[in-house]
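# Observations on chain architecture
Given next are the chains, with one letter for each unit.
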Amino acid sequence: MTAHSQYESLARRQATARLGMWLFLGSESLLFAGLLALFAAYRVMYPTAFHDAAEHANVALGTINTYILLTSSLTVALALRATEHGRRRATVAWLLVSIAFGVAFDVLKLVEYAQHLHDGFAPGHYYTATSLPPSSVLYFTLYYLLTGLHALHVTAGVIVLGWLALRARRGDFTPTSHIALECGTLYWHLVDLVWIFLWPILYLLR
Amino acid sequence: MTDYLRAESGIRSWLGTTDHKRIAIMYLCAVTIAMMLGGAFAMLLRTKLLISGPGIMEPLTYNRLFTWHGLTMVFMFMIPAIPAVFGNFMLPIMVGAKDLAFPRINLASFYVYCAGAALMLWGMVHGGADTGWTFYAPYATTSPTDVAPIAIGVFILGVSSIMTGLNFIATVHMLRVEKLGWMQLPLFVWAIYATSIIQVIATPVLGLSVTLVALDHALGMGLFDPALGGDPVLFQHLFWFYSHPAVYIMILPAMGVVTEIAPTFARKNILSYRAIAFSSLGIAFVGFLTWGHHMFVAGISQLDAALFGVMSMFVAIFSAVKVFTWIGTLYRGSIALTTPMLYFFAFIYLFAFGGMTGIAVATTSLDVHWHDTYFVVAHFHFIMIGGTLTAFLGAIHYWFPKMFGREYPEKCGVLSAIGVFVGFNLTFVPQFLLGNAGMPRRYYSYPDQFHVLNVCSTLGAYLLGAVMVFTLGYLIVAVFTGKRTSANPWGSRGFEWRVPSPPPTENFDEPLDPTIGCYDYDRA
Amino acid sequence: MMRYLLTWLALVALATVSLFVSGSSIALSLAIAALKAALVAAFFMHLWGSRPVHRIVLITAVAFIVLLVLGVVADVGTRDLAGPYVP
């Protein structure tokens, strides 16, 4: 912080960064709104097709992924707590665990996609399955778009956590100055929040 | 202390700056180029409309021109113009801060804008998009032109918009100088704040909609394809959920500008501070409830249409409150007819007129007749040119001394204001008549009975274009050779006029003292 | 520490409950999801005990997501009731 800074104190600068991060999270969540609206609309229009299509959702993998993300939210929160208590190595460890969870999530997602594609449940005009009512393709297209957009955010989150782990290892974070870490963990929690809604909507509704 | 223009020299000190004022100037150059480009597209398409039948250009060219005109004007000029130029320059000073909350994000937003604009322009050069700026499915998803790069360009421009809005909200919350409460803020700040809320919330939905169009067009996602069970009207829901609040992104900052101009040149306090401040928030929020009024005849349920019609009436109340407050501010004021004040009067008249035609088209049963005709085209140009561009020009002239430390030639300014007003009316009043008589918009040719009015409109457009070029000319000359001015040539109480013209890099030599209000003209 | 662990346990429990009861009703699934989200936001994201403006940001974002979904469903869901405009 230089003498020319527009901030009167470090605390104010950190509080501003925190607010900026929340504004960013609010904005990012709106990105999913359109897809959710489309899903809701098509479900109203084609209740049978969507019901039948949802039967083919891999509830097991989806549920494991849910537990993975919930637990990863815990581990990033513990990483932040470790920094607040000045424990550098614990911070790095918890971050690495969280990254592992994130990677596991993405891998399971790819497995699910591979399975669906193998069965001919591809998005849009690539859909070749014949076992379901015709408009079921819309369920799958939205499934790929919703989970794909989410998985992109998971991947970005993994990269952010990785960068934070490097910085933590370097000793950049102290108990009173670690706003980047805090903002990074907020981003990860958003990723969890979105999935908390996607999981029942895509996998559990009959 | 030296001013921000002279503080450091060399191209790198500009391209790598984090000074909000320099970033504002760079944005000014960019949006001015965009405006001129969008205007050029308009001149070309109006030229085609000089004749009623085929000729002058191919139909596909004409379709491209109105598409590019809309895209360039909306996304490269109207949305960023007042916030990214005047919001950037004035907001920190108006809250007593040395810079915005996130100066590097500010600079990044400029480069993201450039990237988005570049991609859009590249797409245009590649012949892209004859779909209209609204990208409606199913045409946009099946058009033979190259829609995807332009759609992604719009997405990227949207990201820039979100970055700007986020920065402004954080700045207003966290960087207000001591003793400056919310109800002491300049009303331009309230306007920018309300605009920023819309930018942050609505723009991601636009990002998604244009991405879906790009995916549909390039990869056959088929979400709006009836062959797969898709409903094209759903695209319109997603598109207008952003694009209606977007028009409030375009008008709210303009309203903020005129709210600053009126007290200065009437030497009087604003009639009701709260009316202006809260109506800005009202427009921002209620504006989100009205998007279906673009879709009355698209095939939505009539119950839904009725709901949207009623909400559209409500949102107009806030604008009306503002218009009466502005006029009431002039009552018993001591009015100086400077260029900014001429633009103020043009704004009041054109915005009120255009706003009333907005109520007209919000009436579902009437819109059935006017939808997709020139009546709607005239309505929104009254607001966008008569409202936003007029305010933009007023802002440029009002804040010219502050930004450049020089005077512009006042006689040229008066001429420009009159010229813009006359040219604008000649262009668009005939379009109300054309639309009411049934001439559809976006049509390449038209029945002969509409010929005279079309010629009148085109000649008005040429006049408007010439006046804009003239205005750009004398302003650029004045930047370099205008007579040097004092800190506060207009004698305004506004906070931005309490620092030198041009301001030093860090804005304030001593902290701003907000105990003397920014509209406090009762004091001697 | 305890706060984080208890939150996590509650989340896991709610997810498990969700697995068994969500099939029957949208309202129930979304209600449980909202509860889980509230727990994550309040305790992992520290909304509980931080400046009110952060809560306002989150609530506003959620409100507009709901608005878009409802607005679209209001159209699609009432087309049988009150059909489109036909000239």
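The coordinates are above.
What comes next concerns the included structure. Along every chain, residues carry numbers that run from 1 in the direction the sequence is written. Think of it this way: whatever chain is written first is A, whatever ligand is written first is 1, and the rest follow in order. At least 70 in pLDDT is required for a residue's local features to be given in this predicted model, at least 80 for side-chain atom pairs to be given and counted, and no such filter applies to totals for whole chains, interfaces and linings, which use all residues. Excluded from the side-chain calculations are hydrogens and water; all other atoms, namely the structure's heavy atoms, are used.

### Comments concerning the interface of chain C and chain A
Whether two residues are in contact is decided by their heavy atoms: any pair within 4.5 Å suffices. Taken together, the contact between chain C and chain A spans 38 residues of the former and 42 residues of the latter. Computed with a 1.4 Å rolling probe, the buried area is the accessible surface lost when two parts are put together, summed over both parts. Note on chain C versus chain A: buried area summed over both sides is about 3,500 Å², and carbon and sulfur give 82% of it. Each salt bridge in this description consists of a side-chain nitrogen of Lys or Arg and a carboxyl oxygen of Asp or Glu lying within 4 Å of one another. Viewed at the interface, chain A and chain C are joined by zero salt bridges. Any pair of N or O atoms that falls within 3.5 Å is considered a polar contact. Within protein, one atom must be able to donate a hydrogen and the other to accept it, and sequence-neighbouring residues count only if both atoms are side-chain atoms. In this assembly, chain C and chain A are joined by three residue pairs in polar contact (both at pLDDT 80 or more). Every helix listed is a DSSP run of H or I at least four residues long, and every strand listed is a run of E at least two residues long, numbered separately from the N terminus. When residues of the side of chain C that touches chain A are assigned to their parent elements, the largest contribution, 12 residues, is made by helix 3 (residues 52-76) of chain C. Polarity classes work like this: nonpolar for Ala, Val, Leu, Ile, Met, Phe, Trp, Tyr, Cys and Pro, charged for Asp, Glu, Lys and Arg, and polar for all others, with Gly in that last group. Its residues assigned to classes, the side of chain C that touches chain A shows 28 nonpolar, nine polar and one charged.

### Digging into the nonpolar core
Residue and element names in this part refer to chain B. Working definition of a nonpolar core: buried Ala, Val, Leu, Ile, Met, Phe, Trp, Tyr and Cys residues. They are joined through side-chain atoms within 4.5 Å. Partly exposed residues are those whose accessible area sits between 20% and 50% of the maximum for their type, while under 20% is buried and over 50% is exposed, using a 1.4 Å probe and protein chains only. Residues F392, W399 and M403 are the most contacted members of the largest nonpolar core, which totals 285 residues. Take this core: its biggest share by element is 22 residues, from helix 9 (residues 232-266). In this structure, F392 is in contact with L28, V31, M35, F77, A81, I82 and F86, ignoring residues within four places of it in sequence.

### Observations concerning the packing of aromatic side chains
Pairs were defined over the aromatic rings of Phe, Tyr and Trp, the Trp ring being its six-membered one, requiring ring centres within 6.5 Å. Orientation was assigned from the angle between planes: stacked under 30 degrees, edge-to-face over 60, tilted for the rest. Counted under the stated rule, the structure contains 61 aromatic pairs over all chains. Ring plane angle 50° and centroid distance 4.4 Å describe the contact between F288(B) and F64(C), whose orientation is recorded as tilted. A residue pair is termed interchain when its members come from two chains, as with F288(B) in the loop between helix 10 (273-286) and helix 11 (302-330) and F64(C) in helix 3. In this structure, R22(B) packs its charged tip against the face of W14(B), placed 4.3 Å from the ring centre. Taking the ring centre of Y444(B) as reference, the NZ or CZ of K48(B) above it sits at 4.6 Å. Geometrically, a charge over a ring is one whose NZ (Lys) or CZ (Arg) sits within 6 Å of the ring centre while staying within 35 degrees of the ring normal.

### Brief notes about the packing of helix 2 (residues 20-48) of chain B against helix 4 (residues 81-94) of chain B
Residues and elements named next belong to chain B. Fitted lines through C-alpha atoms serve as axes, helices being fitted only where they are in contact, and the angles separating the N-to-C directions of these axes extend from 0 to 180 degrees. As a packed pair, helix 2 and helix 4 sit with axes 8 Å apart at the nearest point and diverge in direction by 165°. Considering the angle they form, helix 2 stands roughly antiparallel to helix 4. Pair helix 2 / helix 4 crosses with left-handed handedness. In contact with H20, K21, I23, A24, I25, Y27, L28 and V31 of helix 2, helix 4 contributes A81, A84, V85, N88, F89, P92 and I93. Each residue belonging to the contact of helix 2 with helix 4 can be placed in one class, and the counts come to 12 nonpolar, two polar and one charged. Comment on the angle field: the value is read as roughly parallel under 35 degrees, roughly antiparallel over 145, roughly perpendicular from 65 to 115, and oblique elsewhere. Here a crossing is called left-handed whenever its near helix is offset anticlockwise from the far helix by less than a right angle, and right-handed whenever the offset is clockwise.

### So, the interface of chain C and chain B
Between chain C and chain B, the residue contacts involve 18 residues of the former and 22 residues of the latter. Interface area, chain C with chain B, both sides summed: about 1,800 Å², of which 73% is carbon and sulfur. Summed over the three residues of chain C that lose the most area to chain B, namely F64(C), L68(C) and Y85(C), the buried surface amounts to 35% of that side. Here chain C and chain B share one salt bridge between them. Residue R79(C) is joined to D231(B) by a salt bridge in which the shortest nitrogen-to-oxygen separation is 2.7 Å. Where chain C packs against chain B, one counts five residue pairs in polar contact (both at pLDDT 80 or more). Of the residues in the side of chain C that touches chain B, the class split is 11 nonpolar, four polar and three charged.

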